[in-house]
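Residue strings, one per chain:
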Amino acid sequence: MPLPARKKRNYLPLVLLVLALFPMFGSGYYNELIAKIMIMTIFAMSLDLLVGFTGLVSFGHAAFFGVAAYSVVLLSPKYDPANLWLVLPAAILTGAAVAFVVGLFVLRTKGIYFIMVTLAFAQMIYFVFHDTPLGGGSDGAFLNVKPELRIGETVLLDLNEPMQFYYVVLAFLVVAYVFLRVLLRSPLGHALAGIRSNEHRMLSLGFPVFLYKLAGFVTAGGIAGLAGFFSACQYGFVTPEILSWHQSGNVLLMVILGGMGTLNGAAIGAFAFVVLQEVFSALTKHWQLLMGAVIVTVVMVLPGGLSSLPKRLKGLLIGGGNRNG
Amino acid sequence: MDFSTFLIQLLNSLQYGLLLFLVASGLTLIFGIMGIINLAHGSFYMMGAYMAFSLTSLSGNLLVAILVGIVLSVLIGFLLEWALFSRLYKRDHLDQVLLTYGLILIFEELRSLLVGDDVHGVPIPELLSASIQLSDTLNYPVYRLFMSAVCILLAIVMYWLIRYTRLGMMIRAGSSNREMVQALGINIDLIYRIVFGLGVTLAAFAGMLAAPVSSVYPGMGNQVLIICFVVVVIGGVGSVWGALVAALLIGLADTFGKVIAPDYAGLAVYVLMAAVLLWRPEGIFRRI
């Protein structure tokens, strides 16, 4: 069964505690890095809903992430902070709405087609932002002032403050995680798992498979939109590159690297990817060469991703373990 | 648009479409026969173009460069199949996507390390540098006609190879039942290696052929790859005929799109794809 098996030990509270306490010890640079990892975790989890839990290998997931990021910039006033209550839902809705339209087309296809069609649609959206003046063309656009949350005259939250930004991201990471957990245990989640293991059987059982897949696709698009919102806020600018196919490839890489079909795997993958990127780019300008070598090595010697590593080691040391992870 | 402009655009779209077909046929061959999805296919195209540039600057002759380039591409194809792809036939598409994505990064950076990030031009060989007069004011370059002719010739040779030769028969048999073919005493591993080498070489050759017309620049492989995906999606995965028809259609859409609405020409191809998907989700021609 592709459903997440119940873990014997739950490290989640510990991880949360570390994340919550981290800014008290870490410097600004590392806080930013951890915030980036958390944003990428949200992004990777949203893709894992498709790849790991529904069996839909989407190679165009950056489109929803990027469109949402652009929506923040386009909806924000030039010199004043935007209202968080307005732009955050707007970004999520933009991601979901674009996913809805794209989903109508791409979900008509299967397997290998799906990979290519999602990539092609994402590229189409990339061209819209790259070639037209809509979002500043190939130069991108700046988010001069980050959104804030205010009631009357009091500012409750200000994303311009790195600390507040960090904790808002952490809070929404938890929200997204819990949401996906609940979703995966809901009838929809079980239906998606059913589609993953045998779509034809689900069809003949009378499930509206297309609608379920579309619901999954739109949800994933919305959560990717959440990640896109935070990404735009973190860097303060957007360029077409955030919806390029490299971005889609990277997030797919995170999911597979960490081990798909587990939300924790998405987090491990995001962590590994961002840290590797950081280490490699400190070493050389041609860091992608090293990244490529790591990817090729992982595929060749470690099918099942990093999260299968402990199990493999155990199997190797004790013997008789399930090496296939 | 007067008639001679129209004619020139038509010839251009034919030439572009045929070139796309050359790249896409390698992609669809590798998928249709070996079941491998190869995202690095565009990188082979880029590799070919850069080989044309480097080898031409070394030898001073594009035709020599192309001959040497073909030999190198075959070797690289064999090497990659032996070292990496041969271990992936039984794996999930996801692993193939990941591996070939890693290869794209490696190829792109190797290109940057070896040749740098500049845009280069490749001179058209003197023999083919003339142009043909179409009307009083318009000339058409011979090199582009040459490109089209070579692509048509290759398409015919490929068709003949797969349909009428013993090797083609083994390739077709291998695509439908690997185990059975192996049981008949045919070296299927070698057949697969040949097919992969052929696919790589087709892409690289297209890159070499295109180098004098499109110039040589970083990222050119990925651009072609995505258009090729559109070709394969429109034509139908694994269908060589489909690839031909779709490539010609895309050549038309792209070339005339650039004349009619230059700002939005990049989108024309995708609009075509979306329309075909609504009509036939599995492409115009389903499978071989």
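Please read all numbers here as calculations on a predicted model, not as lab measurements.

**Description of the overall build of chain A**
Then, number 1: Of the regular secondary structure elements, chain A holds 13 helices and 4 strands.
Then, number 2: By the compact-globule yardstick of 20 Å for 325 residues, chain A fits well, its C-alpha radius of gyration being 20 Å.
Then, number 3: For chain A, the C-alpha atoms occupy an extent of roughly 60 × 45 × 40 Å along the three principal directions.
Then, number 4: Looking at the 325 residues of chain A, the share that counts as buried comes to 54%.
Then, number 5: In chain A, the proportion of contacts linking residues at least 24 apart, taken out of those at least 6 apart, comes to 74%.
Then, number 6: Carbon and sulfur atoms provide 67% of the accessible area of chain A, an area that totals close to 14,600 Å².
Then, number 7: Of the charged side chains in chain A, 20 are positive and 12 negative, and the gap between their average positions amounts to 23 Å.

**Brief notes about the confidence of the model for chain B**
Then, number 1: Overall, the predicted model of chain B reaches an average pLDDT of 88, with 99% of residues at or above 70.
Then, number 2: Predicted as a complex, the structure gets a pTM of 0.88 and an ipTM equal to 0.85.

**Some details on unusual backbone geometry**
Residues and elements named next belong to chain B.
Then, number 1: Of note in this structure, Ser215 is not a glycine but carries a positive phi near 60°.
Then, number 2: Within the secondary structure layout, Ser215 lies in the loop between α8 (188-214) and α9 (220-235).
Then, number 3: With relative accessibility at 21%, the residue Ser215 sits in the partly exposed group.

**What about the packing of helix α3 (residues 62-75) of chain A against helix α5 (residues 111-131) of chain A?**
Residues and elements named next belong to chain A.
Then, number 1: Packing of α3 against α5 leaves a shortest axis separation of 9 Å and a crossing angle of 25°. Relative to α5, the element α3 is oriented roughly parallel. At the point where α3 passes α5, the crossing takes the left-handed sense. Counting all contacts with α3, which are made through Ala63, Val67 and Tyr70, the residues of α5 involved are Ala122, Ile125 and Phe129.

**Some remarks on the environment of Trp287(A)**
All names here are of chain A.
Then, number 1: In this fold, Trp287 is placed in helix α12 (residues 287-301).
Then, number 2: You can call Trp287 buried: its relative accessible area is 17%.
Then, number 3: Spatially, the C-alpha atoms of Trp287 and Phe271 are 17 Å apart, while their sequence positions differ by 16 residues.
Then, number 4: Filtering out sequence-adjacent residues up to four positions away, Trp287 remains in contact with Gln277, Phe280 and Ser281.

**Quick notes on helix α1 (residues 12-25) of chain A**
Then, number 1: If you check α1(A), its first and last C-alpha atoms are 20 Å apart, about what 14 residues at 1.5 Å a residue would give, namely 20 Å.
Then, number 2: The principal kink in α1(A), of about 25°, is found at Leu19(A), preceding the proline Pro23(A) by one to four residues.

**With respect to the UniProt feature "transmembrane region" (unreviewed entry) in chain B**
Residue and element names in this part refer to chain B.
Then, number 1: Under the UniProt annotation, "transmembrane region" (unreviewed entry) lies at residues 16-40, 61-85, 142-162, 190-212, 224-252 and 264-281.
Then, number 2: In the segment residues 142-162, helix accounts for 100% and strand for 0%; the C-alpha atoms at its two ends are 30 Å apart.
Then, number 3: Secondary structure content for residues 264-281 is 83% helix and 0% strand, and the end C-alpha separation is 25 Å.

**Things to note about the packing of helix α11 (residues 263-283) of chain A against α12(A)**
Residue and element names in this part refer to chain A.
Then, number 1: Contact geometry of α11 with α12 gives a least axis separation of 8 Å together with a crossing angle of 135°. Judged on the interaxial angle alone, α12 and α11 are oblique. α11 and α12 meet at a crossing whose hand is right-handed. Contacts from Phe273, Leu276, Gln277, Phe280, Ser281 and Leu283 in α11 reach Trp287, Leu290, Met291 and Val294 in α12.
Then, number 2: Of the residues belonging to the contact of α11 with α12, the class tally is 8 nonpolar, 2 polar and no charged.

**Overview of the interface of chain A and chain B**
Then, number 1: Across the contact, 40 residues belong to chain A and 46 residues belong to chain B.
Then, number 2: Interface of chain A and chain B: buried area, both sides summed, is about 4,000 Å²; carbon and sulfur atoms make up 82% of it.
Then, number 3: Counting across the chain A and chain B interface gives 8 residue pairs in polar contact (both at pLDDT 80 or more).
Then, number 4: Only α5, α10 (245-258) and α12 of chain A provide two or more residues apiece to the side of chain A that touches chain B.
Then, number 5: A total of 13 residues in the side of chain A that touches chain B trace back to one element, the largest contributor, which is α5(A).

**Side note on the packing of aromatic side chains**
Then, number 1: This structure, assessed with the given rule, holds 24 aromatic pairs over all chains.
Then, number 2: Both rings, one in Phe142(A) and one in Phe237(A), keep their centres 5.8 Å apart while their planes meet at 55°; by these two values the pair is tilted. Taken as a pair, Phe142(A) in strand β1 (residues 141-142) and Phe237(A) in strand β4 (residues 237-238) lie far apart in primary sequence, 95 residues in all.
Then, number 3: Exposure remark for Phe142(A): the relative accessible area of 61% places this residue in the exposed category.
Then, number 4: Taking relative accessible area as the criterion, Phe237(A) reaches 39% and is therefore assigned partly exposed.
Then, number 5: When the ring of Tyr89(B) is compared with that of Tyr192(B), the centres are 5.0 Å apart and the planes differ by 90°; the resulting orientation is edge-to-face. With Tyr89(B) in the loop between α3 (62-83) and α4 (93-115) and Tyr192(B) in helix α8, this residue pair connects regions lying 103 residues apart in the sequence. Residue Tyr89(B) shares its accessibility class with Tyr192(B), and that shared class is buried.
Then, number 6: Ring pairing ties together the aromatic residues Phe165(A), Phe172(A), Phe229(A) and Phe230(A), which thus form one cluster.
Then, number 7: Over the ring of Tyr192(B) we find Arg178(B); its NZ or CZ atom is 4.7 Å from the centre of that ring.

**Brief notes about the side chain of Gln234(A)**
Then, number 1: Checked against the element boundaries, Gln234(A) lands in helix α9 (residues 209-235).
Then, number 2: When near neighbours in sequence (up to four residues on either side) are disregarded, Gln234(A) contacts Glu32(A), Ala35(A), Lys36(A), Ile39(A), Lys146(A) and Phe165(A).

**Quick word on the pairing of strand β3 (residues 154-158) of chain A**
All names here are of chain A.
Then, number 1: Two elements, strand β2 (residues 148-151) and β3, share 4 bridges in a ladder whose sense is antiparallel. Pairing of Ile151 across the sheet is with Thr154, part of β3.
Then, number 2: Between β2 and β3, which pair antiparallel in sequence order, lie 2 residues; one of them, Gly152, sits at a positive phi of approximately 60°.

What counts as what
- All residue numbers refer to position in the chain's written sequence, counted from 1.
- Throughout, the order in which chains and ligands are written sets their labels, letters from A for the former and numbers from 1 for the latter.
- With the structure being a predicted model, the display of local features is reserved for residues of pLDDT at least 70 and the display and counting of side-chain atom pairs for 80 or more, all residues being used for whole-chain, interface and lining totals.
- In computing side-chain values, all of the structure's heavy atoms are included and hydrogens and water are not.
- Comment: elements are numbered from the N terminus, with helices defined as DSSP H or I runs of at least four residues and strands as E runs of at least two.
- We compute the radius of gyration over the C-alpha atoms and compare it with the globule rule, which gives 2.2 Å times the number of residues raised to the power 0.38.
- Relative accessibility decides the category of a residue: with a 1.4 Å probe and only protein chains considered, values under 20% of the type maximum give buried, values over 50% give exposed, and everything between is partly exposed.
- We call two residues contacting when some pair of their heavy atoms lies within 4.5 Å.
- The Shrake-Rupley method, run with a 1.4 Å probe, gives the accessible areas here. Residue values count only the displayed protein chains as cover.
- The positive count covers Lys and Arg only, the negative count covers Asp and Glu only, and His and the chain ends enter neither.
- A charged residue contributes its charge at one atom only: NZ of Lys, CZ of Arg, CG of Asp or CD of Glu.
- pLDDT: the predictor's confidence for each residue, scored from 0 to 100.
- Working convention: axes come from line fits to C-alpha atoms, limited for helices to the stretch in contact. Angles between N-to-C directions cover 0 to 180 degrees.
- Throughout this description, any angle smaller than 35 degrees is read as roughly parallel, any larger than 145 degrees as roughly antiparallel, any in the 65 to 115 degree range as roughly perpendicular, and the remainder as oblique.
- With the far helix as reference, a near helix turned anticlockwise by less than a right angle produces a left-handed crossing, and one turned clockwise produces a right-handed crossing.
- For a helix, the expected span equals 1.5 Å multiplied by the number of residues minus one.
- In this analysis the local bend is the angle between axes fitted, respectively, to the seven residues ending at and the seven residues starting at the residue.
- UniProt positions are given in the numbering used here, feature names are shortened, and annotations may be inferred rather than shown by experiment.
- Each residue is assigned to one class: nonpolar for Ala, Val, Leu, Ile, Met, Phe, Trp, Tyr, Cys and Pro, charged for Asp, Glu, Lys and Arg, and polar for all the others, Gly among them.
- A 1.4 Å probe defines the accessible area here, and the buried area is the portion of it lost by two parts on being joined, summed over both.
- Any pair of N or O atoms that falls within 3.5 Å is considered a polar contact. Within protein, one atom must be able to donate a hydrogen and the other to accept it, and sequence-neighbouring residues count only if both atoms are side-chain atoms.
- Ring pairs shown here join Phe, Tyr and Trp side chains whose ring centres sit within 6.5 Å, with only the six-membered ring taken for Trp; geometry is labelled stacked below 30 degrees between planes, edge-to-face above 60, and tilted in between.
- Here, a charge over a ring means that NZ of Lys or CZ of Arg falls within 6 Å of the ring centre while also lying within 35 degrees of the ring normal.
- Pairing between strands is defined by DSSP: at least two bridges between the two strands are required.

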